[in-house]
Every structure is written in C-alpha cells, then in structure tokens.
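# Reading the structure
Listed here are the chains, written in short residue letters.
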Amino acid sequence: MNYRLDPAVLDRAKQVTSATSDEQLGQQFLTKTGSTVRNYRIGKTAPDVVTLMRLREITGIPLDKMLQQSAA
C-alpha cells in the first residue's frame, strides 16, 4: 500500500508560517527545495519521517491525518 502526503498539510503549514510559496516553506522551514515540496504536493514523492515530524510540529496535525492512500 502506498501513501502520499495530503496537500492540505502543506497549505496549513504555509498558513501557519506565513510562507508565500512552496519554495519558501521548503527552504525556510523544512530544509527542502521548492521542487521537493511541490513533488510532495502532487504525490510524486513522499516526505521522510523527519519531514513528517517537522510538519506535525508546524501544523499540529497528527501523523495519521497527514497521509492519504495513493492510487498507485
């Protein structure tokens, strides 16, 4: 079974941090590139555990609510 990050988590993280783009969210808050964050958003790649934990710290969203089952 494959899982992907719910894009709403990234939207919430941008809202909480006042980041204006995926690029800014990635670079300033996740130590990731904007393209990496965009790949999370479209389900091309999934974040590692460290990034998931950081997103949980930023958003307050529980880990089990961050992930969606992907079609692939």
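Refer to the structure printed above.
The structure reproduced in this document is the subject of the present report. (Residues numbered from 1 in each chain as written. Predicted model: local features only at pLDDT ≥ 70, side-chain atom pairs only at ≥ 80, totals over all residues. Heavy atoms only, no water.)

Here we come to the pattern of salt bridges. Taken as a whole, this structure holds 6 salt bridges when the rule is applied. Between Arg-38 and Glu-23 there is a salt bridge; the shortest N-O distance is 3.7 Å. Taken as a pair, Arg-38 in helix α3 (residues 34-42) and Glu-23 in helix α2 (residues 22-30) lie far apart in primary sequence, 15 residues in all. Judged by relative accessible area, which is 39%, Arg-38 ranks as partly exposed. Where Glu-57 meets Arg-54, a salt bridge forms, and the shortest distance between an N and an O atom there is 3.2 Å. Residue Glu-57 and its partner Arg-54 are located together in helix α4 (residues 49-59), separated by 3 residues, close to a single helical turn. Linked by salt bridges that have partners in common, Asp-11, Lys-14, Asp-22 and Arg-41 make up one network. (Salt bridge = Lys/Arg side-chain N within 4 Å of Asp/Glu carboxyl O. Helix = DSSP H or I, 4+ residues; strand = E, 2+ residues; numbered from the N terminus. Buried < 20%, exposed > 50% of the residue type's maximum accessible area, 1.4 Å probe, protein only.)

The subject of this paragraph is α3. Among all positions in α3, only Gly-34, Val-37, Tyr-40 and Arg-41 are buried. When α3 is viewed along its axis, its buried side chains cluster within an angular range of 115 degrees and face the same direction. Lining the buried residues of α3 we find β1 (3-5), α1 (7-17), α2 and α4. Residue Gly-43 follows α3 closely and has a positive phi angle near 85 degrees. (Arc of directions from axis to C-beta. Contact = heavy atoms within 4.5 Å.)

Along the polypeptide, Asp-6 turns up in the loop between β1 and α1. Among buried Asp, Glu, Lys and Arg side chains, Asp-6 stands out as unpaired, with Arg-4 the closest opposite charge at 6.6 Å. A distance of 2.9 Å separates a polar side-chain atom of Asp-6 from the backbone nitrogen of Ala-8. Setting aside its immediate chain neighbours within four residues, Asp-6 contacts Lys-65, Met-66 and Gln-68. (Lys, Arg positive; Asp, Glu negative; His and termini not counted. Polar contact = N/O pair within 3.5 Å; in protein donor to acceptor, adjacent residues only side chain to side chain.)

Turning our attention to the environment of Lys-14. Tracing the sequence through the fold places Lys-14 in helix α1. Once the C-alpha coordinates of Lys-14 and Phe-29 are considered, the two residues, 15 residues apart in sequence, prove to be 9.5 Å apart. Ignoring any residue separated from it by four or fewer positions in sequence, one finds Lys-14 in contact with Ala-19, Thr-20, Ser-21, Asp-22, Leu-25 and Arg-41.

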